[in-house]
Amino acid sequence: MILPIVAYGHPTLRKVAVDIEPDYPGLNELIENMFETMYSSEGVGLAAPQVNQGIRLFIIDASPFSEDKPELQGFKKIFVNPHIIEESGEEVSFNEGCLSIPKIREDVMRKPRIRIQYQDRDFNSYDEIYEGIPARIIQHEYDHLEAKLFVDRINPLRKILLKKKLNDIMTGNIEVDYKMIFPGRKKTVKVK
């Protein structure tokens, strides 16, 4: 089932997500629905807070980058209860977008290497290092769990210049190709 994505300004996006236990109800169904939602909206990652679930869960599929980086073909992962332990290297700029902030893309500085501890959908534990595009996608989705958005990481002057566009997103005054929940509207809307 395709889930509606919450838009910029929704309170769920500004709450730190909580760890979950193995008996979390409906986890596998939520994960499958998140993948379906991510693919239908042409994303490369999706965090639970973006579908109005305040839990520490995100999914990624870096395959769309495989044309330039063949090693990313089939790079699909589920992160349950993730915690970034370390970020290292000299920050690198990369143009990012977000399904919760449609039609806005900005250059964001992030470290190129991370160490992350997480569990898979069966609650097996991992401690892994990622670099490059996978690290970038993971950091972006991880930020959602920490109540941060990519626009929080851009130049403050640039964010001021985006204020009208961000307000339009909050009120649903934007056309998108997927279902969204806009904080300024009473119901879920699929515009277009």
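Residues numbered from 1 in each chain as written. Predicted model: local features only at pLDDT ≥ 70, side-chain atom pairs only at ≥ 80, totals over all residues. Heavy atoms only, no water.

A. Representation of the nonpolar core within the structure. Counting residues in hydrophobic clusters, the biggest one holds 40 residues, and the most contacted among them are Met34, Leu46, Leu57, Ile59, Ile101 and Val151. If you list the elements that add at least two residues to this core, you get strand 1 (5–6), helix 1 (27–40), strand 3 (57–61), strand 4 (76–88), strand 6 (101–110), helix 4 (163–171) and strand 9 (179–181). Here this core takes six residues from helix 1, the largest share from any one element. Excluding its chain neighbours within four sequence positions, the residues that come into contact with isoleucine 101 are Tyr8, Leu149, Phe150, Val151, Leu166 and Ile169. Counting residues in each nonpolar core, the second largest holds 19 residues, with Ile60, Ile84, Tyr118 and Leu145 among its members. (Core = buried A, V, L, I, M, F, W, Y, C linked by side-chain atoms within 4.5 Å. Buried < 20%, exposed > 50% of the residue type's maximum accessible area, 1.4 Å probe, protein only. Helix = DSSP H or I, 4+ residues; strand = E, 2+ residues; numbered from the N terminus. Contact = heavy atoms within 4.5 Å.)

B. Representation of the pattern of salt bridges in the model. Under the definition given, this model contains 14 salt bridges. Here arginine 113 makes a salt bridge to glutamate 131, at a shortest N to O gap of 2.5 Å. Separated by 18 residues along the polypeptide, arginine 113 in strand 7 (residues 113–119) and glutamate 131 in strand 8 (residues 125–131) bring together distant segments of the chain. By relative accessible area, which is 47% here, glutamate 131 ends up partly exposed. Here the salt bridges share partners, and the residues they tie into one network are Glu96, Arg110, Arg136, Asp143 and Arg153. (Salt bridge = Lys/Arg side-chain N within 4 Å of Asp/Glu carboxyl O.)

C. Molecular detail of the layout of surface pockets. There is about 600 Å³ of room inside the largest pocket. The wall of the largest pocket is formed by 28 residues, among which Glu42, Gly97, Cys98, Leu99 and Arg105 lie closest to the centre. Looking at the lining of the largest pocket, the elements with two or more residues in it are strand 5 (92–98), strand 6 and helix 2 (132–145). Its residues assigned to classes, the lining of the largest pocket shows eleven nonpolar, nine polar and eight charged. (1 Å grid on protein atoms, 1.4 Å probe; cavity = no way out; pocket = protein on both sides within 12 Å on 5 of 7 lines; lining within 4 Å. Points joined across faces, edges and corners; volume = space filled by probe spheres on them. Nonpolar A, V, L, I, M, F, W, Y, C, P; charged D, E, K, R; others polar.)

D. Examining the sheet that holds strand 4 more closely. Strands sit in the order 2-3-4-7-8 across an open sheet of five strands; the sheet is antiparallel. Of all strands in the sheet, those with a lone pairing partner are strand 2 (45–47) and strand 8, marking the two edges. Between one strand axis and the next, the sheet turns by 40° as a mean value, whatever way the strands run. Relative to strand 7, strand 4 runs antiparallel, the two being bridged by six bridges. Bridge pairing links serine 88 to arginine 113 in strand 7. Where helix 1 meets the sheet, its contacts fall on strand 2, strand 3 and strand 4, and the angle it forms with strand 3 comes to roughly 40°. Against the sheet, helix 2 touches strand 2, strand 3, strand 4, strand 7 and strand 8, its axis set at about 155° to strand 3. (Pairing = 2+ DSSP bridges. Axes fitted to C-alpha atoms, helices over the stretch in contact; angles between N-to-C directions.)

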